[in-house]
Each structure stands twice: as structure tokens, then as C-alpha cells.
Amino acid sequence: MSTTLFYYTGTGNSLWVARTLAEKLDDATLVSISSKNNIPESLSTEKVGFIFPIYIWGIPAPVVNFVKKIAALKPKYCFGLAVNGGQVANSLVQLKKLLAKEGVTLSAGYEITTPSNYIPWGSPPAEEKQKELFSQAQIKLSIVAEDVEAERVKPVEKGALWQRLIFSTLLYPMSYPQVPKMDGSFWVDEKCNECGICQKVCPAGNVELPEGKPTWKHRCEQCFACLQWCPKEAIQYGKKTPQYKRYQHPEVAVNDIIKSRE
């Protein structure tokens, strides 16, 4: 039985996870949640996977809205992969509840740890650490593939209790409504060559180029694709990012991100 993998990605981690899992499954199709034609009229498959990054210890708004629409199509076997930098918190429980409200069961939920791309908190881990995380993710994705093929039902994975209480229960609900306006901290420095890549990779259509240089229109999703994929590292966020290294998944190209928006 075929599987449809719906993925949401900013710097490539979730796209890599989706690709890697697809290679391990017998028959899988990838669909970008950020695509303009992402909502099918009906499902051609009974197995559906949602692959998404964790933002502010919960599910990004575009994924929340998308899951509701897919749930209305009543897939028979659903699973989720929460791609995170080390704190999955209660995001998969959130996905389970979200689906349950639509009358759909989340049969399994897995956390997949990849290098953090949240640049306001600093540079990504060293290259050797990144390779270690990718290797561990490969092993886990083999287990996920076996479970999906067998349609196994498993408890969703969760973070530590303190993460779930403080981050997911308190901070996520407080921050969620504020995310679109968090782009107020973006700015562009003198290295900008007006290439327009920031606009092309933005999943929210939040970047405009009125005079060649980017401006942000308060529809932000906090994926940081604009900053991380800037070839000149000209886009900054707050005061500290000029000193931090950028991150994109080493097996994902900028054109992959651009195509996922089409």
C-alpha cells in the first residue's frame, strides 16, 4: 500500500527526512505543505505521514491548518515525524489531539533530531556533530519505515515532563499568535546583492523587494529560510546573527526549497 508524505521545510531538515523515509518505503510520494497546490481533492493512498519542524516547541501554523484539511479526507493510517533540534516537547501529542478533533487517529508519532537551525540562539553544531545526528536519524528512519509498512500502532513520543509543561503548555500558546509579527527583527546589511532568493524561498510570501532589497510584511512563519539561504549572508535577525554561521541541510539545495514553494 502506498504512502503519501506531506512535509514542511525551511532549511531542508524536514525535506531530507521525508526523502530518506521515502527511500526506505516500498511506495511513497512526497508532497510539500508549502506548495500552492498542496491540498488534494481526495487521497489516492490510505497511509499518510506528516513531517514537520518544531517551532517554539509546537507545530507551525501552516502545518496546523494543513493537517485539519487532510484530516477531513479521513486517511486510515496516520503518523507524524517531529523534526527538532533536541526538544520535541509535546508537539506529537498536539498533533494527536488535532487529528482526534477531526475524527482521525494518529497511529504513531516519532521525534527525529537534526541540527538546530534556530539562528537567534547561535550557530549550528560542528560538522562532526551534524554527521552524527544524520547517522542516528538514518537508523531511526529505518525503524519508522518498518512500522509504517506494517501499519503498527505505537504511543507518540514525548519530551521530558518539564518541557511539556513549560514549553508546550505555557510558552507555545503565548507565542503562537505573535509569530507573524516576529519578522520585525529582520534587517539586511550592505552585502545584499538584490538576488531575490529570500523572496523565492519564503513559504509565506512574506518577503517583498520594493527597491531590490527585502522587506518583511508581518506574515512570518519563523522558518528562517530567507536568512539561512541568503548566498551573501546579508540578512540578519537581531544583533547577534552577523557572528553566527548559517545552516542548510548539506544534501538539500536552494532550488529544492524554491520548487517546494511552487
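Here, every reference points to the structure presented above.
Residue numbering note: each chain is counted from 1, following its sequence as written. Only residues with pLDDT of 70 or above have their local features reported here, since the model is predicted, and side-chain atom pairs are shown and tallied only from 80 upward, although totals for entire chains, interfaces and linings are computed over all residues. Hydrogens are left out, water is left out, and the side-chain values use all remaining heavy atoms of the structure.

1. Regarding the overall build of the protein chain
Part 1 of the reasoning: A count of helical and extended segments in the protein chain gives eight helices and nine strands.
Part 2 of the reasoning: In terms of C-alpha radius of gyration, the protein chain reaches 18 Å, essentially the compact-globule figure of 18 Å for 262 residues.
Part 3 of the reasoning: Counting only C-alpha atoms, the protein chain reaches 55 × 40 × 35 Å along its principal axes.
Part 4 of the reasoning: Each residue's exposure class comes from its accessible area (1.4 Å probe, protein chains only) as a fraction of the maximum for that residue type: buried when under 20%, exposed when over 50%, partly exposed otherwise. Taken across its 262 residues, the protein chain has 50% of its residues classed as buried.
Part 5 of the reasoning: Sequence-distant contacts in the protein chain: of pairs separated by 6 or more residues, those separated by 24 or more amount to 78%.
Part 6 of the reasoning: All accessible-area figures derive from a Shrake-Rupley calculation using a 1.4 Å probe, and residue coverage is judged against the displayed protein chains alone. A total accessible area of about 12400 Å² is found for the protein chain, and carbon and sulfur atoms account for 51% of it. Think of it this way: any DSSP run of H or I at least four residues long counts as a helix, any run of E at least two long counts as a strand, and we number them from the N terminus. In this treatment the radius of gyration is a C-alpha quantity, and the globule benchmark scales as 2.2 Å times the residue count to the 0.38 power. Should any heavy atoms of two residues lie within 4.5 Å, those residues are considered in contact.

2. A look at helix H3 (residues 91–101)
Note on helix geometry: an α-helix contains 3.6 residues per turn, so any two residues three or four positions apart are oriented the same way.
Part 1 of the reasoning: Among the residues of H3, those classed as buried are Ser91, Leu92, Val93, Leu95, Leu98 and Leu99.
Part 2 of the reasoning: Residues of H3 that are buried in the fold lie against strand S3 (47–53), helix H2 (61–71), strand S4 (77–84), strand S5 (106–113) and helix H5 (161–175).
Part 3 of the reasoning: Remark: glycine 103 follows H3 within two positions and exhibits a positive phi of approximately 80 degrees.

3. Details of a nonpolar patch on the surface
Part 1 of the reasoning: Exposure above 30% relative accessible area and no salt bridge define the residues that can form patches, which grow by joining like charges within 9 Å and nonpolar side chains of Val, Leu, Ile, Met, Phe, Trp and Tyr within 5 Å. Here, a salt bridge means any side-chain nitrogen of Lys or Arg that lies within 4 Å of a carboxyl oxygen of Asp or Glu. Side chains of Leu161, Trp162, Leu165 and Ile166 sit close together on the surface and give an oily, nonpolar patch of about 410 Å² of accessible area.
Part 2 of the reasoning: Following the sequence through the fold, leucine 161 ends up in helix H5.
Part 3 of the reasoning: Classification of leucine 161 by relative accessible area gives exposed; the value is 51%.

4. Observations regarding the packing of H2 against H3
Part 1 of the reasoning: Orientation is described by axes fitted as lines to C-alpha atoms, over the contacting stretch for helices, and by angles from 0 to 180 degrees between their N-to-C directions. The contact between H2 and H3 brings their axes to 9 Å, and the two run at 40 degrees. The angle between H2 and H3 places the two elements in the oblique class. The interaxial crossing formed by H2 with H3 has right-handed handedness. Of the residues in H3, those touching H2 at Val64, Val67, Lys68 and Ala71 are Gln94, Leu95, Leu98 and Leu99.
Part 2 of the reasoning: Of the residues that constitute the contact of H2 with H3, the class distribution is six nonpolar, one polar and one charged. In what follows, roughly perpendicular refers to angles from 65 to 115 degrees, roughly parallel to angles under 35, roughly antiparallel to angles over 145, and oblique to any angle outside these ranges. Left-handed is the label given to a crossing in which the near helix is rotated counterclockwise from the far helix by less than a right angle, and right-handed is the label when the rotation is clockwise. In this classification, the charged set is Asp, Glu, Lys and Arg, the nonpolar set is Ala, Val, Leu, Ile, Met, Phe, Trp, Tyr, Cys and Pro, and all remaining amino acids, among them Gly, are polar.

5. Quick word on the side chain of threonine 114
Part 1 of the reasoning: Topologically, threonine 114 is positioned in the loop between S5 and helix H4 (127–150).
Part 2 of the reasoning: Side chain to side chain, threonine 114 and asparagine 13 meet in a polar contact 3.1 Å long.
Part 3 of the reasoning: Every residue in contact with threonine 114, bar those within four places of it in the chain, is listed here: Asn13, Val17, Val83, Asn84, Gly85 and Leu133. Polar contact criterion, stated in full: a pair of N or O atoms within 3.5 Å, where within protein one must be able to donate a hydrogen and the other to accept it, and residues adjacent in sequence count only if both atoms are side-chain atoms.

6. Quick notes on the side chain of threonine 11
Part 1 of the reasoning: Structurally, threonine 11 is set in the loop between strand S1 (3–7) and helix H1 (13–24).
Part 2 of the reasoning: Within the structure, threonine 11 has its side chain in polar contact with the side chain of asparagine 117 (distance 2.4 Å).
Part 3 of the reasoning: Beyond its immediate chain neighbours, meaning those up to four positions away, threonine 11 contacts Asn117, Cys223, Phe224, Gln228, Trp229, Tyr247, Gln248 and His249.

7. Brief notes about the pattern of salt bridges
Part 1 of the reasoning: Applying the stated criterion across every chain yields a total of 11 salt bridges.
Part 2 of the reasoning: Taking the shortest distance from any N to any O, the salt bridge between glutamate 149 and lysine 47 comes out at 3.8 Å. Linking glutamate 149 in helix H4 with lysine 47 in strand S3, this pair joins segments that are 102 residues apart in sequence.
Part 3 of the reasoning: Where glutamate 157 meets lysine 140, a salt bridge forms, and the shortest distance between an N and an O atom there is 2.7 Å. With glutamate 157 in the loop between H4 and H5 and lysine 140 in helix H4, the pair connects residues that are 17 residues apart, well separated along the chain.

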